Amino acid sequence: MDAALHPDYPLPDVEHPVTRPFWDGCRERRLLIQREKGTWTYHWPPKPSYWKGGKLEWVEAAGLGRVYSYVVGREPFLPAFQALLPHVMVLVELDEGPRLVGYMVHATPAEMAIGMRVRVVFKRLTDRVTLPVWEPVR
Amino acid sequence: MARNSVDQELFRRIRDRVAIVGIGHLPFAKDIGRPISDTAIEAIQIALDDAGLEAEDVDGMSMFEMEHTHEVTIARGLGVKNLGWWDKLSYGGGASCGTIMHAAAAIVSGLATVVTCHRARNRGSRESRPWAQERVLVTDDKALHVPWGLIRPVDVIGMWAQRHMHRYGTKREHLGNVAIAARKHANRNPYAMMRGRPLDMEIYLKGRMIGDPLSLYDCCLETDGALACIVTSVERAKDLKHKPIYVHSVAQASGPNPVHLANYNTPDLQTTAVPCAEQLWARSELQPRDMDCAQIYDAFTPLVIMGLEDYGFCKRGEGGPFTEGGRLELGGELPVLTSGGGLSEAYVHGFNLIIEGVRQLRGTSYNQVPDCKATLVTGASGVATSAMVLRAD
């Protein structure tokens, strides 16, 4: 799979101290999000571990949500994503509340709809980077 | 409470006591062939000439930049004796009116007397677009959207547009009304990049999809340009060439839980324009109904529709129908983007909207609204933004 990755693919910095637990989780095929201890309020994007004296914890999300919005990318697109065209980018509202940017797999633009039920799928890009992407719950 | 009262006092001191006295810009181009560190100087010099001021009068500078031009390079090129105050605002599309707010605050607090505000930007050529250079390792906020391919601004905004269309029934024809109004205005503006390229609904609807639901005509241009204005106190403005155009109210806002660009974790997906508008109108004696026209930031047509709602010209969800019946065109109830805006004049991060606001109030627009006394100018909603109300006697 590594060999197929376009040389210009924009990879995330998975070592960033704030988001590292998220990327570590993705590598283990677990979708981790931040929750405030006590109130159980979810935070996204992640905040630093020292936020308000360490009030946040990483917990595993169910990996289910709904399409909050989507866009279908057409030509001219970036070379790194050319193979995915038409590229269906989604904003998924997790059942836990946060909205995550992702893209769809196993779905055509024609079947996309706001409110569609989706499930996380993990797509390995490199040894270090695995992306959570989304498929319809049929 | 104490902080709130300080805030009120500062903005009372700014209101109609600070003015834009000079404007200038170079002809827009697809490839201007000069670096922005050079074009910026010329644009500021044109604005100083327009004001009837000399470089030696300048002691402050507020620039809108995401690049790396040094203030001293510009000050030296102009012949400024001494800069006593300067700052640089970032956030593509959002910071235009922010430069004016900072200048106004510096002037009323005595940090500066004559401030140049400018934006110079080269992005006409394909290689110069920041998103086209996105590769290999994403280390900032964008690491949580760029790796999925959400990179082109059209897709970032398309996400908001699709939601708006779904939730409120906004139609492509509504987006088209915005594009057509901007193009009609551009066709009377000799500086507009799209002059001589008429657009009607039939052509609009046939535009090819770029980031569905947004098509070619929903997207702004990509332009090289350099624009400047000169800000000073009304006292200093008295013996200058033009009547002063007053900064009546001005605001900046990041909104809650902000992310640069894919700013999707705000309540109900509200944009940064909501908190910005709240502050802007709270500091203003004028209200949306008092605006004779509006220069609403338009990198993409849905931003104008959402801007009409966020800045209070209509209720949430009614921005689409608000565009109907030529309301946004010259002669309509609320002409918008009377220079052609980013969609059809030039896309220079919205600084041209400030210049056009001043022209309207001077009575020198190419699409002059009769007896124009007040106009709204806004920056990009979505990103950390800014807005202002300009007025004239």
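Structure report, in brief. Position numbers for residues count from 1 along each chain, tracking the sequence in the order it is written. Whichever chain is written first is A, and whichever ligand is written first is 1; the rest continue in order. With the structure being a predicted model, the display of local features is reserved for residues of pLDDT at least 70 and the display and counting of side-chain atom pairs for 80 or more, all residues being used for whole-chain, interface and lining totals.

Residue-level contacts link 29 residues of chain B with 29 residues of chain A. Here a helix means four or more residues in a row that DSSP labels H or I, a strand means two or more in a row labelled E, and each is numbered from the N terminus. Elements with a minimum of two residues in the side of chain B that touches chain A: strand 5 (137-138), helix 5 (153-168) and strand 6 (209-212) of chain B. Take the side of chain B that touches chain A: its biggest share by element is six residues, from helix 5 of chain B. Of the residues assigned to the side of chain B that touches chain A, the class counts are 16 nonpolar, eight polar and five charged. Once C-beta atoms are placed from the backbone, any two residues with those atoms within 7 Å are in contact. Polarity classes work like this: nonpolar for Ala, Val, Leu, Ile, Met, Phe, Trp, Tyr, Cys and Pro, charged for Asp, Glu, Lys and Arg, and polar for all others, with Gly in that last group.

All right, on to the pairing of strand 9 (residues 245-253) of chain B then. Residues and elements named next belong to chain B. Burial is judged by counting the other C-beta atoms within 10 Å of a residue's own C-beta: 20 or more makes it buried, 12 or fewer makes it exposed, and any count in between marks it as partly exposed, with every C-beta position built from the backbone. Most of strand 9 sits out of view: nine of its nine residues are buried. DSSP-based pairing: two strands are paired if at least 2 bridges between them are found. Relative to strand 9, strand 1 (residues 18-25) runs antiparallel, the two sharing two bridges. Within strand 9, the position partnered with Ala19 by the bridge is Tyr246. Relative to strand 12 (residues 385-391), strand 9 runs antiparallel, the two sharing seven bridges. Along strand 12, the bridge assignment pairs Ser249 with Val389.

Right, let's talk about the sheet that holds strand 4 (residues 56-60) of chain A for a bit. Residues and elements named next belong to chain A. Spatially, 3-2-4 is the arrangement adopted by the three strands of the open sheet, whose pairing is antiparallel. Single-partner strands in this sheet number two, and they are strand 3 (42-43) and strand 4. Two strands pair when backbone bridges link them, and strand 2 (residues 32-36) and strand 4 are joined in this way by five bridges, in the antiparallel orientation. When the bridges of strand 4 are listed, Ile33 appears paired with Val59.

With that settled, consider the sheet that holds strand 12 of chain B. Residue and element names in this part refer to chain B. Pairing within the open sheet is mixed, and its nine strands lie in the order 3-2-4-8-1-9-12-11-10. Two strands close off the open sheet at either side, each with one partner strand: strand 3 (85-89) and strand 10 (293-295). Between one strand axis and the next, the sheet turns by 25 degrees as a mean value, whatever way the strands run. Helix axes are fitted only over the stretch in contact, all axes being lines through C-alpha atoms; the angle between N-to-C directions runs from 0 to 180 degrees.

Once that is clear, we can look at the packing of helix 5 of chain B against helix 10 (residues 301-310) of chain B. Residues and elements named next belong to chain B. The interhelical angle for the contact between helix 5 and helix 10, taken along N-to-C directions, is 55 degrees, at an axis separation of 9 Å. Relative to helix 10, the element helix 5 lies oblique. As for the relative orientation of helix 5 and helix 10, their crossing is left-handed in sense. Contacts between helix 5 and helix 10 involve Ile157, Trp160, Ala161 and His164 on the former and, on the latter, Pro302, Leu303 and Met306. For the contact of helix 5 with helix 10, a count of residues per class yields six nonpolar, one polar and no charged. Each angle receives one of four descriptions, namely roughly parallel if under 35 degrees, roughly antiparallel if over 145, roughly perpendicular if within 65 to 115, and oblique otherwise. Two helices cross in a left-handed way if the nearer one is turned anticlockwise from the farther one by less than a right angle. They cross in a right-handed way if the turn is clockwise.

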